[in-house]
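Chain by chain, the residues:
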Amino acid sequence: MKQLLYLLLFTLSFNLSAQENLPTAEIKTLDGNTTTLEKISKDNDLIVVSLWATWCVPCKNELDAISEVYVDWQDETDVKLYAISVDDSRTVSRVKPLVNGKAWDFTILLDTNNDLKRELGAATVPLTLIIKNGKIVYRHSGYTPGSEDELFEEIKKHS
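Residues numbered from 1 in each chain as written. Predicted model: local features only at pLDDT ≥ 70, side-chain atom pairs only at ≥ 80, totals over all residues. Heavy atoms only, no water.

### A short note on the packing of aromatic side chains
On inspection of all chains with the given rule, the structure shows four aromatic pairs. Relative to Phe 106, the ring of Trp 104 has its centre 5.7 Å away and its plane inclined at 25 degrees; by these criteria the two rings are stacked. Note on accessibility: Trp 104 and Phe 106 belong to one class, buried. Linked through ring pairs, Trp 52, Tyr 70, Trp 104 and Phe 106 together constitute an aromatic cluster. (Phe/Tyr/Trp six-rings, centres within 6.5 Å; stacked < 30°, edge-to-face > 60°. Buried < 20%, exposed > 50% of the residue type's maximum accessible area, 1.4 Å probe, protein only.)

### Quick word on helix H3 (residues 57–77)
Under the 1.5 Å per step criterion, the end-to-end length of H3 is 28 Å for 21 residues, consistent within 8% with the ideal 30 Å. The sharpest bend along H3 measures roughly 55 degrees and falls at Val 69. Buried within H3 are the following residues: Cys 59, Lys 60, Glu 62, Leu 63, Ala 65, Ile 66, Tyr 70, Trp 73 and Thr 77. Those residues of H3 that are buried lie in contact with strand S3 (46–52), strand S4 (80–85), helix H4 (95–102), strand S6 (127–132) and helix H6 (147–158). Asp 78 occupies a position one or two residues after H3 and carries a positive phi of about 65 degrees. (Helix = DSSP H or I, 4+ residues; strand = E, 2+ residues; numbered from the N terminus. Expected span 1.5 Å × (residues − 1). Bend = angle between axes of the 7 residues up to and from the residue. Contact = heavy atoms within 4.5 Å.)

### Focus on the pattern of salt bridges
All chains considered together, the criterion is met by five salt bridges. Arg 118 serves as the salt-bridge partner of Asp 115, at 2.6 Å between the closest nitrogen and oxygen. Of the two residues, Asp 115 and Arg 118 are both situated in helix H5 (residues 115–120); the distance of three residues between them amounts to about one turn of the helix. Assessed through its relative accessible area of 55%, Arg 118 is described here as exposed. A salt bridge links Lys 156 to Glu 153; the nearest nitrogen and oxygen atoms lie 3.2 Å apart. (Salt bridge = Lys/Arg side-chain N within 4 Å of Asp/Glu carboxyl O.)

### Describing the nonpolar core
Of all hydrophobic cores here, the largest spans 44 residues; its most connected members are Leu 37, Leu 51, Trp 52, Phe 106 and Ile 155. No other element matches S3, which puts six residues into this core. (Core = buried A, V, L, I, M, F, W, Y, C linked by side-chain atoms within 4.5 Å.)

### With respect to the packing of H3 against H6
Geometrically, a packed helix pair is captured by the angle between its two axes and the distance between the axes. Closest axis-to-axis distance for the H3/H6 pair is 11 Å, and the angle between their directions is 15 degrees. As summarised for this structure, H3 and H6 are arranged roughly parallel, according to the angle between their axes. Handedness of the H3/H6 crossing: right-handed. Facing Ala 65, Ile 66, Trp 73, Glu 76 and Thr 77 of H3, the residues of H6 in contact are Glu 148, Leu 151, Phe 152, Ile 155 and Lys 156. (Axes fitted to C-alpha atoms, helices over the stretch in contact; angles between N-to-C directions. Parallel < 35°, antiparallel > 145°, perpendicular 65-115°, else oblique. Left-handed = near helix turned anticlockwise from the far one by under 90°.)

### Re the sheet that holds strand S1 (residues 27–29)
Picture the strands of a sheet paired through backbone hydrogen bonds; they go either parallel or antiparallel. Here we have seven strands laid out as an open sheet, ordered S2-S1-S5-S4-S3-S6-S7, and mixed in their pairing. The outermost strands of the open sheet, each flanked by one partner alone, are strand S2 (34–35) and strand S7 (135–141). When S4 meets strand S5 (residues 107–110), the two strands line up parallel, connected through four bridges. Bridge pairing in S5 links Ala 83 to Ile 108. (Pairing = 2+ DSSP bridges.)

All quantities given are derived from atomic positions and should not be read as evidence of function.
In C-alpha cells form, the structure reads like this:
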C-alpha cells in the first residue's frame with residue numbers, strides 16, 4: 001500500500017512539473033511562418049493559449065465569449081491571447097474563413113500535426129492555458145458559459 005501511495009505521489013509530482021515547462025513543438029502562423037510557445041512567451045509576460053478546432057462547437061463558443069471581452073482584458077491586464085487550431089490537413093483550410101467571419105481580434109496559430117497538442121497531453125479541446133514568464137501557471141479543459149469569467153479571474157491573479 002505504501003508503495004502504491006509513493007508511486008501515486010511521484011506520478012502526480014512529475015505531471016505537475018511537466019505541465020510547468022513549455023513544449024518545444026513548432027506551430028505556424030496563418031501566413032506560414034514558424035514559431036513556438038517559448039518564442040511567443042519571451043515577447044509577452046502573460047499570455048493565454050487556447051487550443052481549438054473548427055469542428056469543435058464548445059471551442060468556438062469559448063473564443064466568441066472571450067472575443068466579446070478581450071479588449072477589456074487587454075486594457076486591464078495587458079494579456080495576449082493565442083488561439084491555436086488543431087485542425088488537421090483535411091480541415092485546416094476552414095480556419096481562415098471561419099476566423100475572418102468571426103473577426104476575432106487575437107492571434108491565430110496552427111498545430112496541423114497536433115505536435116503541440118500531444119506535448120501538452122491534451123486529450124480534448126478546448127484546452128486553455130495561462131503562461132506567465134515562460135511557465136504554464138493555469139490549465140483548464142472544456143468550456144461552459146461563464147468559464148471566460150473564471151479565466152479572467154485567473155489572468156488577474158497572475159498579472
